[in-house]
Amino acid sequence: MSVTQNLSELKKTIPDHVTLIAVSKTKPIPLIQEAYDFGHRDFGENKVQELVQKREALPKDIRWHMIGHLQTNKVKYILPFIHLIHGVDSLKLLKEINKRSNNINRVTSVLLQIHVAEEGTKFGFDYKEILDLVAEDYFVNFNKISIKGFMGMATNTEDENKIRREFRQLSNFFNEMKPHFSNEFDTLSMGMSGDYNIAMEEASTMVRVGSKVFGARNYS
Ligand SMILES: *Cc1c(COP(=O)(O)O)cnc(C)c1O
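Residues numbered from 1 in each chain as written. Predicted model: local features only at pLDDT ≥ 70, side-chain atom pairs only at ≥ 80, totals over all residues. Heavy atoms only, no water.

Undergrad: What's the story with the layout of surface pockets in this structure? I'm lost.
TA: Vacant regions in the atomic arrangement are exposed by a probe of water-molecule size rolled over the atoms. By volume, the largest pocket amounts to about 1100 Å³. Every residue lining the largest pocket is counted, 43 residues in all, and those nearest its centre are Lys25, Met153, Met192, Arg208 and Arg217. Listing elements by their share of the lining of the largest pocket, those giving two or more residues are α3 (48-57), α7 (160-177), α8 (196-201), β8 (206-209) and α9 (211-214). No other element matches the three residues that α8 contributes to the lining of the largest pocket. Partitioning the lining of the largest pocket into residue classes produces 15 nonpolar, 17 polar and eleven charged. (1 Å grid on protein atoms, 1.4 Å probe; cavity = no way out; pocket = protein on both sides within 12 Å on 5 of 7 lines; lining within 4 Å. Points joined across faces, edges and corners; volume = space filled by probe spheres on them. Helix = DSSP H or I, 4+ residues; strand = E, 2+ residues; numbered from the N terminus. Nonpolar A, V, L, I, M, F, W, Y, C, P; charged D, E, K, R; others polar.)

What follows is the structure in structure tokens.
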């Protein structure tokens, strides 16, 4: 199967109100160009250096999404162009993004990463942390950040009920928290190649799909 075929099959199963991020990490530029030529514009990467290199080589109207863990010392390299940072997982990172965004006078769009999986990644805020921060109006302090919503990853498991439970919990929390953020808070990024259907059933608005678009990766 080609990237074009994969994308057109995938788009049949993804409704218009859900944004498909084609996760191109580790994949070569010609494959991304193929997806671009097919009309796709949203791409996700998880390493700053790779993201910057690909951005330089590819058309400038691509919307680049930083989906991986972002180190504070690398924020400055992607801020001038990044469309959305999905993995904001600490206050230190949030502060750095705000500071650097002020320096270049640009508002940066971010998602707060929520730690939902019982196993797997250690990154992200706990529900309780977000509740506490919201209670003290903490998130209004960032004049150069637009908090667009949440991102979460379910446990990497065959147990679909467990995946669904985790997505449903995040989805409910997202709706609960909505009134406490600005009206730009409308994005729930959840779902990858193996679980995006369950995620969409649980009201995801953005799915991050890699191997189903570009084929399996040798490393991630
Ligand atoms: C790699 C990655 C994806 C895509 O994974 P696939 O299983 O290939 O679809 C999605 N989200 C994040 C955060 C990733 O690191």
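Undergrad: When you look at the pattern of salt bridges in this model, what are you seeing that I'm missing?
TA: Pairing between side chains of opposite charge can happen when their charged atoms approach one another. The tally for this structure, following the rule as stated, stands at eleven salt bridges. Put simply, Arg100 and Glu96 hold a salt bridge, and the shortest N to O gap is 2.8 Å. Of this pair, Arg100 and Glu96 both sit in helix α5 (residues 91-103), four residues apart, which is roughly one turn of that helix. The residue Glu202 makes a salt bridge to Arg164 at a minimum N-O spacing of 2.9 Å. Note that Glu202 is positioned in the loop between α8 and β8 and Arg164 in helix α7, a separation of 38 residues in sequence. With relative accessibility at 24%, the residue Arg164 sits in the partly exposed group. Taken together, the shared-partner salt bridges in this structure form one network comprising Arg164, Arg168, Glu201 and Glu202. (Salt bridge = Lys/Arg side-chain N within 4 Å of Asp/Glu carboxyl O. Buried < 20%, exposed > 50% of the residue type's maximum accessible area, 1.4 Å probe, protein only.)

Undergrad: Explanation requested: the packing of helix α6 (residues 127-135) against α7 in the structure shown.
TA: Helix packing geometry: the angle between the two helix axes and the distance between the axes. In contact at an axis separation of 12 Å, α6 and α7 are set at 0° when each is read in the N-to-C sense. Relative to α7, the element α6 is oriented roughly parallel. In contact with Tyr127, Ile130, Leu131 and Val134 of α6, α7 contributes Glu166, Gln169, Leu170, Phe173 and Met177. Here the residues of the contact of α6 with α7 are counted per class, giving seven nonpolar, one polar and one charged. (Axes fitted to C-alpha atoms, helices over the stretch in contact; angles between N-to-C directions. Parallel < 35°, antiparallel > 145°, perpendicular 65-115°, else oblique. Contact = heavy atoms within 4.5 Å.)

Undergrad: Explain the nonpolar core here, please?
TA: Of all hydrophobic cores here, the largest spans 63 residues; its most connected members are Ile78, Ile85, Leu112, Ile130, Phe139 and Phe150. Broken down by element, this core gets its largest block of residues, six residues, from α7. When near neighbours in sequence (up to four residues on either side) are disregarded, Leu112 contacts His86, Val88, Leu94, Phe125, Ile130, Phe139, Ile147, Gly149, Phe150, Met151 and Phe181. Grouped together as the second largest cluster of nonpolar side chains are five residues, Ile21, Leu84, Leu111 and Met151 included. (Core = buried A, V, L, I, M, F, W, Y, C linked by side-chain atoms within 4.5 Å.)

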